[in-house]
Amino acid sequence: MSRIYQIISRFILPSNAKRAFRQLARPGRTLTAQGAEPYVVVVDGTLAAEALSLYYAFLLLSIQDSLHRPIKVILLVNKRLDGYWRSNRVYRMLFDVSVVAMNDRLLRAATVECDSLMADLKSQQDILDLSVQGIHFGPNIYAGYLRKHFVGAMHPGSEGVREILEESLANLALAQRTLDLHRPDLLVLSHSDYHSFGAFFKKFLHAKVPTLIGTLYGEGRVGGRLYVSLSDFECEPRNYAFSCTPETWWQALSSYSFQDNDKVSAYLTKRFAGDDDSFNGDYHKSTTRLQKDALLQKLGVIQPFKAAALIAAHLLWDDATSSYRNIYCDYTSWLQRTLEIAGGNHHVLWIVKAHPSELHMGTKDRVRDIVRTVFGDNLPAHIVFLDADTKLNTYSLIEAVDAVVTVRGTIGFEAACLGRTVVNAGTGPYTAQGFNREFTHATDYEQCLANLHTSELSLTPEQLRNARIAIFVYLMKKCPTSALLTRFPSLAELTPSSTLDAMQDEVLKRFSTKIVDKQACDLM
């Protein structure tokens, strides 16, 4: 019976939320009656997350008030029935809604195009280089495959490659059909990548439809990034929604104050203690912090080394290819080659750490398997491996080393703030922010690792300042707190007497103004 109730509850809106939404729906109906032209918004409804639906709904209400035009929602779902999930029924209570869903006809049509494309896919790079209908879509297909199958690499002969390619082509066709039928003014997605989101994201930007990637950070914190053309994504090295635009970065450099610096110090203390849940910060809550000597003793390190480095591995299937630029095909290829170079440099103590999300989110391909592939069952004396379930605190590890090696991990912000050199294999959220060593060619990156013990591994005062500004923007300034989302994080908190005026929420009001202006920017 409980199982049946769980299924039914996915579709039923709480009565308190229904009454609250009925009061909110009146202004839009009045505008429709007055003949105002609808503002058409395609909204991602695939995740069925209440908090996300409330964020988007409140934001759309603010846009409606700003424009004095009724919002027309085109709800994007995988199956038509998904449009009736309780999280998606939020939109039905407030706006005029039409549902757009994948159908078998589009999949059958994609099969024909897939035949010709599959014949040309001979390598991983062929997949990554793939363009469809004039759009560079290979990285999205690759990333979508990894995420769908929880694996770290994709090959033309891998199981399910054809299936993911057909889905991708069908999603592109659906995106074009949505553009043709509804002529939308705005696209709102929770993510820019993978084969599903990426199809709409890139297709709509190619058609110059403003596109918002709206993100949640927890505890009422919200954010996002508005793109208005494909070049805003393709031509910008820091192109991911969580990273910042050049304008935001230059503003931060010029306006960063002593008060901001104090806020960063307080935030780092909170994050290092595991009391911040954004970007997996809460993973550190139950770990043990040790001083350097005690940590090295715990790791069994006896002999001295000229330098020490932490290789901070990624969750192998997570966002490996679809946004920033890589110098290896994926995180698996990066890690394997990095370990091979590290194995040859005996002057450096290399601490290899698996990402804790392997434990919390799951994966079929694990870092420990790659370590075993490279080194066998017996690690060299200068290599230490820590699995995903280690109880050693990450910040203790950072303090014990001279450098941190990662493709683009958030750990780079934290390591640089602690004065450690950050070595990156490709672009990332802190590209061109002046505190990391970033490489665009594998040979240069590998040379850096091979000679790491001879490098100057300290940061200048300017680099330390830039690192603190960067983390201030990325983890603080880009996620302001919405009063509405703080008070009403879920449908259960809504009541008919709730004050739900989105225009009274200064954060949402500021966001809606930027969206209406149609200028590429960060929402912050």
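Calculation notes
Residues numbered from 1 in each chain as written. Predicted model: local features only at pLDDT ≥ 70, side-chain atom pairs only at ≥ 80, totals over all residues. Heavy atoms only, no water. Core = buried A, V, L, I, M, F, W, Y, C linked by side-chain atoms within 4.5 Å. Buried < 20%, exposed > 50% of the residue type's maximum accessible area, 1.4 Å probe, protein only. Helix = DSSP H or I, 4+ residues; strand = E, 2+ residues; numbered from the N terminus. Contact = heavy atoms within 4.5 Å. Patch = residues over 30% accessible without salt bridge, like charges linked within 9 Å, V, L, I, M, F, W, Y side chains within 5 Å. Areas by Shrake-Rupley, 256 points an atom, 1.4 Å probe, with all protein chains shown as cover. Salt bridge = Lys/Arg side-chain N within 4 Å of Asp/Glu carboxyl O. Lys, Arg positive; Asp, Glu negative; His and termini not counted. Charge placed at Lys NZ, Arg CZ, Asp CG, Glu CD. Disulfide = S-S within 2.5 Å. Axes fitted to C-alpha atoms, helices over the stretch in contact; angles between N-to-C directions. Parallel < 35°, antiparallel > 145°, perpendicular 65-115°, else oblique. Left-handed = near helix turned anticlockwise from the far one by under 90°. Nonpolar A, V, L, I, M, F, W, Y, C, P; charged D, E, K, R; others polar.

**Q** Any details on the nonpolar core? Residues and values, ideally.
**A** Membership of the largest hydrophobic core comes to 84 residues, with the highest contact counts inside it found for M154, I311, W334, W350 and Y445. Here the element with the most residues in this core is helix α8 (residues 161–182); it accounts for nine residues. Here Y445 is in contact with I327, Y328, W334, T338, V405, V423, N424, A425 and F439, once residues within four sequence places are set aside. Counting residues in hydrophobic clusters, the runner-up holds 50 residues, among them C244, L295, L310 and Y324.

**Q** Residues and numbers for a positive patch on the surface, please.
**A** Taken together, the side chains of R80, R105, R108 and R177 present a region of like positive charge at the surface. In this fold, R105 is placed in helix α5 (residues 104–119).

**Q** With reference to specific residues and values, describe the state of the cysteines.
**A** Joining two cysteines, a disulfide is a covalent bond between their sulfur atoms. The final tally for this structure, using the stated rule, is zero disulfides. Free cysteine C114: the closest other cysteine sulfur is in C329, separated by 20 Å.

**Q** A description of the packing of α5 against α8 should follow, citing residues and the corresponding values.
**A** Across the interface, α5 lies against α8 with an axial gap of 8 Å and an inter-helix angle of 125°. By the criterion of interaxial angle, the relationship of α5 to α8 is oblique. In the crossing of α5 with α8, the sense of the turn from one axis to the other is right-handed. Contacts from R105, L106, L107, A110, T111, E113, C114, D115, L117 and M118 in α5 reach V161, R162, L165, E166, E167, L169, A170, A173, L174 and R177 in α8. In terms of residue class, the contact of α5 with α8 is built from twelve nonpolar, one polar and seven charged.

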